[in-house]
Amino acid sequence: MEDTRYLFRRNRTWWVKVSVPKALRDELGYDLRCSLHTESLDEARKARDVAVPEFRRRIREARASLQQTRACKEPAMADDESGFLILRREDFSDVTFLLEVEAPLLARAAEPGQFVIVILHEFGERIPLTIADFDRDKGTVTLVIQAVGKSSCEMQQRCRVGTHLHALVGPMGFPSELHADKVVCVGGGLGVAPIYPQLRAFKESGAYVIGVVGFRNKELIFWQDKFEQYCDELIICTDDGSAGIEGRVTLGLQAALDRHADIDHVIAIGPPIMMKACAETTRPYGVETIVSMNPIMVDGTGMCGGCRVTVGGEIKFACVDGPEFDAHKVDFDELMNRLGRYRGDEKAALDNWKKAAS
Amino acid sequence: MARKTVRTIPQDRATMPTQAPAVRAHNFDEVALGFDLDNALLESERCLLCPNPNCVPACPVNIDIPGFIEKISEKKYREAYDILTESTLLPAICGRVCPQEDQCEGVCPVGESLEPVAIGRLERWIGDMAIKEGWRNIPPIQANSFRIGIVGSGPAGMACAADMAKAGCDVTIYEAFHQAGGVLRYGIPEFRLPNEVLDAELENLKALGVKIECNTLVGRLFTIEQMLDELGFDAVFIGTGAGYPSFMGIDGESLNGVLSANELLTRCNLMGATSFPRYDTPLGLGKRVAVIGSGNTAMDALRVSLRAGAEEVYCLYRRTREESPARVEELEHAEEEGIRFEWLTAPVEILDDGNKNVRALRCQRMELGEPDDSGRRRPIPVAGSEYEFEVDTVVYAIGTNANPIIGQTSKIALNKWGYIEADDNLATSIAGVYAGGDIVTGAATVILAMGTGRKAARSMKTYLGIRDTASVYEETPDSGGDEIFGINPAERSHVRIRVTGTELCQ
Ligand SMILES: Cc1cc2nc3c(=O)[nH]c(=O)nc-3n(C[C@H](O)[C@H](O)[C@H](O)COP(=O)(O)OP(=O)(O)OC[C@H]3O[C@@H](n4cnc5c(N)ncnc54)[C@H](O)[C@@H]3O)c2cc1C
Ligand code: SF4
Ligand code: FES
């Protein structure tokens, strides 16, 4: 009989296949296989004798690495020497929390509108976060994070006062342009905190500042005192009407536009759907409107092009050409679509992590 | 001994083992496994030791090639290493990634009738031996009080840093990423350049006293001007690389499934996306991948895609194999691994599956016309040749533009393409600020970047009034008996003493 162990044919080309033990199928798939690029059985046998030990080695390695991952479940966070110390944490709700991180140079350089990139631990991804506040005297920057995906949930769980972020780099992007006489600053969802430094800077530059901030309900409101301190008018919107205007931030924005004919600048930060709605609200008024784009990023230094967005028909890299752009020119639908690029992977990662954590 | 001739030397190149294509197409281990001792000695015999060698001037850093090869054949490996390190900081790296066929090996007379001497492989062999044996050539360093800031930790920055540290300066490299190495880290994959090799070279830098500060985005965290005025640097070198990938501007580029080679490679090489979900960064690669372009970046993107699990991987290039700018070895390796090449093909549109994902490419066949300015024959579309080509991932590897961050944040003069303007000595428009590597030349090679880093260091030394590097190798008469910087004086004879008149790089 002909020796065709591990071999099979597809069209006329020989392939080799080794099945994977059940426990490793998540990682390696049902079997390991590859084309031997030959139609001759003799050649295929020779290639097989190389390929099979290699497949075995990969199975062995996968088993070893699985055992190792089980042994040390948690990837390590940084230590004092290389990491960035978390000095303060505040929880605004079961999903929103604040971290104040020691970074003196960064605090000195940061301007409203800029962002940073954070890596949680040695296996972490690079997460862009808008700078929510900075204190040049204390040498700290403040980040406000919503736990939605795997990385942010893990941050919520692991970032305690006294622990260290693996990496923190920035400030990235152009600072906001702060020329306005009367400005509306709109923040919703994860955009509430980042709108704060802008609103403060506008106030300090002498503008008349109207703040519009949106929350789900009264209980989730945070920083009201901070906002009030720098706003000439503060409009709070809640989804359920438990405080301020009932409804979305666009209602607040609309109210401000109707009340003041001389508004010359609007800035909106939040989920893309909200920014798009704000752009549509101001468009009939012809008021200059700026939004802060938050596409998927990798490096944040212009190197990968993953963050590209279309503005006025042109490709821009949000990390170095932005992050702020003219809201009336941005293609929001494209942004929303591109944000969904890894939805499947992200969900799998979150489920996986939740399973491991429980 | 009579001089060797092409007829008296071993006719065939010594073999260098490689992993079998069918196997390596599924792992990230190094493809080319390097010479063993016997083969290295055999190959070293093939060098004619030309009195006026063609290869030396063809090497961008003018390595004394017959010199080091002769030492190998004499089994004086350490001395071979000393000769290499007179000219190159990174022998283990350059031996792996230099386009030798366009440089030294391309002009070697042996190559007229046989395969040219495998200079790169010999260089690599010595470089690897140095890493294994822990050899380091640290000259006696006389500290001065100058502080040098280097922006970017790619080969240009590393080379400038090494030379300035050897000259006695206090050197700090600032790197935006969380790991050092530039393209050597995030771009070139492990199967071509294992991380251990890069790490070893970075350790050598640290041993020279160079400090490396990662997570530092110069321009935004502090500007070039602030480095000079506030942070107390006496001179600054900018080696921030090209980065900033190009897209073609055809329809469908914003669809999901279209990405730059830089993004693909960074996700895999730097962020560990091939081990997702153990690493948090996803890759999201499809099953049928088309890579557009045929340079080194394209080859890496193709071969990484294959290893990351794509079932069919295609290379689309609007010219032919002959015009492909990739290293020949990379092309051959890619072909052996089963990458399919579609020469004379250019995409004209990326088609949607209805859910904003890539479904297919609309392509066009090309033919070669008259040569253009670069001397390559210009591709012209063949009328009526459009066809659809089903893929789910499209990777652009058609080149890069200048990274804009330094230009955005500094008054430094740029040329019309956004690259930093530098004169023949690599001085920029700001006094004390030098620049080199891809940010000056446009996307080039590791060895050219390294060469410009060294040249900038020479200019910097002139600017600061420091004697040149060559002179720190000079043995001063009174250094006789004592131990200097932990180096045994007997061992110091290994530091080759030779003050060359030739420019290190031109
Ligand atoms: C995928 C790929 C494969 C290649 N293959 C080869 C090959 O086989 N052979 C070959 O010879 N050449 C090859 N090249 C080209 C070669 O890698 C480059 O020419 C070379 O690395 C350029 O070196 P550099 O020092 O100028 O810049 P880079 O290596 O690009 O390094 C620049 C560094 O500066 C950092 N940086 C940028 N901006 C800032 C800032 N504002 N502040 C702080 N840091 C900053 C970047 O993060 C980066 O780490 C390849 C390139 C790529 C992309
Ligand atoms: S490598 Fe080739 S060109 Fe260089 S010395 Fe040897 S034989 Fe001559
Ligand atoms: S995040 Fe990579 S280019 Fe913007």
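A brief look at the structure comes next. (Residues numbered from 1 in each chain as written. Chains lettered and ligands numbered in written order. Predicted model: local features only at pLDDT ≥ 70, side-chain atom pairs only at ≥ 80, totals over all residues. Heavy atoms only, no water.)

Quick look at the overall build of chain A now. Looking only at helices and strands, chain A features 11 helices and 20 strands. Computed over C-alpha atoms, the radius of gyration of chain A comes to 26 Å, more than 25% over the 21 Å expected from 2.2 N^0.38 for 358 residues, which places it beyond the range of a compact globule. Considered along the principal axes of its C-alpha atoms, chain A spans approximately 90 × 45 × 40 Å. For chain A, the residues scored as buried account for 56% of the 358 residues in total. Summarising the internal contacts of chain A: among those between residues at least 6 apart in sequence, 66% fall at separations of at least 24. Of the charged side chains in chain A, 46 are positive and 54 negative; the average position of the first set lies 11 Å away from that of the second. (Helix = DSSP H or I, 4+ residues; strand = E, 2+ residues; numbered from the N terminus. Rg over C-alpha atoms; globule rule 2.2 N^0.38 Å. Buried < 20%, exposed > 50% of the residue type's maximum accessible area, 1.4 Å probe, protein only. Contact = heavy atoms within 4.5 Å. Lys, Arg positive; Asp, Glu negative; His and termini not counted. Charge placed at Lys NZ, Arg CZ, Asp CG, Glu CD.)

Our focus in this paragraph is a negative patch on the surface. A cluster of like negative charges, contributed by A:Glu219, A:Asp239, A:Asp240 and A:Glu246, occupies part of the molecular surface. By secondary structure assignment, the location of A:Asp239 is in the loop between β14 (233-238) and β15 (245-246). (Patch = residues over 30% accessible without salt bridge, like charges linked within 9 Å, V, L, I, M, F, W, Y side chains within 5 Å. Areas by Shrake-Rupley, 256 points an atom, 1.4 Å probe, with all protein chains shown as cover. Salt bridge = Lys/Arg side-chain N within 4 Å of Asp/Glu carboxyl O.)

For the rest of this paragraph, the subject is the pairing of strand β5 (residues 96-102) of chain A. Residues and elements named next belong to chain A. The element β5 is largely enclosed, with a buried count of six among its seven residues. Pairing between strand β4 (residues 84-91) and β5: five bridges, direction antiparallel. Its bridge partner lying in β5, Arg-88 is registered against Glu-100. As paired strands, β5 and strand β9 (residues 140-146) are joined by seven bridges and run antiparallel to one another. When the bridges of β9 are listed, Val-101 appears paired with Val-141. (Pairing = 2+ DSSP bridges.)

A few words on the site of ligand 1. Residues and elements named next belong to chain B. Taken together, 35 residues form the shell around ligand 1, and within it Val-97, Glu-175, Arg-192, Val-218 and Asp-438 come nearest. In this structure, Val-183 approaches ligand 1 through a main-chain N or O atom, which is 2.9 Å from an oxygen atom. A distance of 2.9 Å separates an oxygen atom of ligand 1 from a polar atom in the backbone of Val-446. When ligand 1 is considered free in solution it has 1,000 Å² of accessible area, and contact with the protein chains removes 96% of it. Every element with two or more residues in the shell around ligand 1 is listed here: α9 (155-166), α14 (296-307) and α18 (446-464). Per-class residue counts for the shell around ligand 1 are 17 nonpolar, 13 polar and five charged. (Near = heavy atom within 4 Å. Polar contact = N/O pair within 3.5 Å; in protein donor to acceptor, adjacent residues only side chain to side chain. Nonpolar A, V, L, I, M, F, W, Y, C, P; charged D, E, K, R; others polar.)

The local shell around ligand 2 consists of B:Cys47, B:Leu48, B:Cys50, B:Pro53, B:Cys55, B:Ile65, B:Pro66, B:Cys108, B:Pro109, B:Val110 and B:Ile119. Residue composition of the shell around ligand 2, grouped by class: 11 nonpolar, no polar and no charged.

Under the criterion given, the structure shown has zero disulfides over all chains. No disulfide involves A:Cys231; its nearest neighbouring cysteine sulfur is the one of A:Cys185, lying 7.0 Å away. (Disulfide = S-S within 2.5 Å.)

Of the residues lining the interface, 59 residues belong to chain A; the matching set on chain B comes to 51 residues. Buried surface at the junction of chain A and chain B, both sides included, amounts to about 4,500 Å², of which 57% is carbon and sulfur. Inspection of the chain A/chain B interface yields three salt bridges. Counting across the chain A and chain B interface gives 20 residue pairs in polar contact (both at pLDDT 80 or more). (Buried area = accessible area lost by both parts, 1.4 Å probe.)

We now examine the pattern of salt bridges. As enumerated under the stated definition, the model contains 59 salt bridges over all chains in all. When the shortest N-O distance is used, the salt bridge between A:Glu100 and A:Lys138 registers 2.8 Å. One end of the pair, A:Glu100, is in strand β5; the other, A:Lys138, is in the loop between β8 (133-135) and β9, and 38 residues separate them in sequence. A salt bridge links B:Glu337 to B:Arg307; the nearest nitrogen and oxygen atoms lie 2.9 Å apart. Of this pair, B:Glu337 sits in the loop between α15 (328-336) and β8 (340-342) while B:Arg307 sits in helix α14, and the two are 30 residues apart along the sequence. When sorted by exposure, B:Glu337 lands in the same class as B:Arg307, which is buried. Members of the salt-bridge network, linked through shared partners, are B:Arg24, B:Arg121, B:Arg192, B:Asp300, B:Arg303, B:Arg307, B:Arg327, B:Glu329, B:Glu330, B:Glu336 and B:Glu337.

Bringing the packing of helix α5 (residues 77-87) of chain B against helix α8 (residues 119-133) of chain B into the picture now. Two numbers describe a pair of packed helices, the interaxial angle and the distance between the axes. Residues and elements named next belong to chain B. With their axes 10 Å apart at the nearest point, α5 and α8 run at an angle of 105° to one another. The angle between the axes of α5 and α8 places the two elements in the roughly perpendicular class. Residues Tyr-77, Ala-80, Tyr-81 and Leu-84 of α5 touch α8, and the partners they reach there are Glu-123, Trp-125, Ile-126, Met-129 and Ala-130. Tallied by class, residues from the contact of α5 with α8 come to eight nonpolar, no polar and one charged. (Axes fitted to C-alpha atoms, helices over the stretch in contact; angles between N-to-C directions. Parallel < 35°, antiparallel > 145°, perpendicular 65-115°, else oblique.)

Here the focus is the sheet that holds β15(A). All names here are of chain A. Spatial strand order, β15-β14-β13-β12-β16-β17-β20: seven strands in an open sheet with mixed pairing. One side of each edge strand has no neighbouring strand; the edge strands of this open sheet are β15 and β20 (324-326). When β14 meets β15, the two strands line up parallel, connected through two bridges. Each residue of the ladder has a partner; that of Cys-237, found in β15, is Ile-245.

This part covers the side chain of B:Glu175. The topology assignment puts B:Glu175 in the loop between β2 (170-174) and α10 (183-186). Of the side chains with opposite charge, A:Arg126 lies nearest to the buried B:Glu175, which makes no salt bridge, at 7.7 Å. At 2.7 Å, the side chain of B:Glu175 and the side chain of B:Ser153 are in polar contact. With residues up to four places along the chain from it excluded, the contact list for B:Glu175 reads B:Gly152, B:Ser153, B:Ala180, B:Glu213, B:Cys214, B:Asn215 and B:Thr216.

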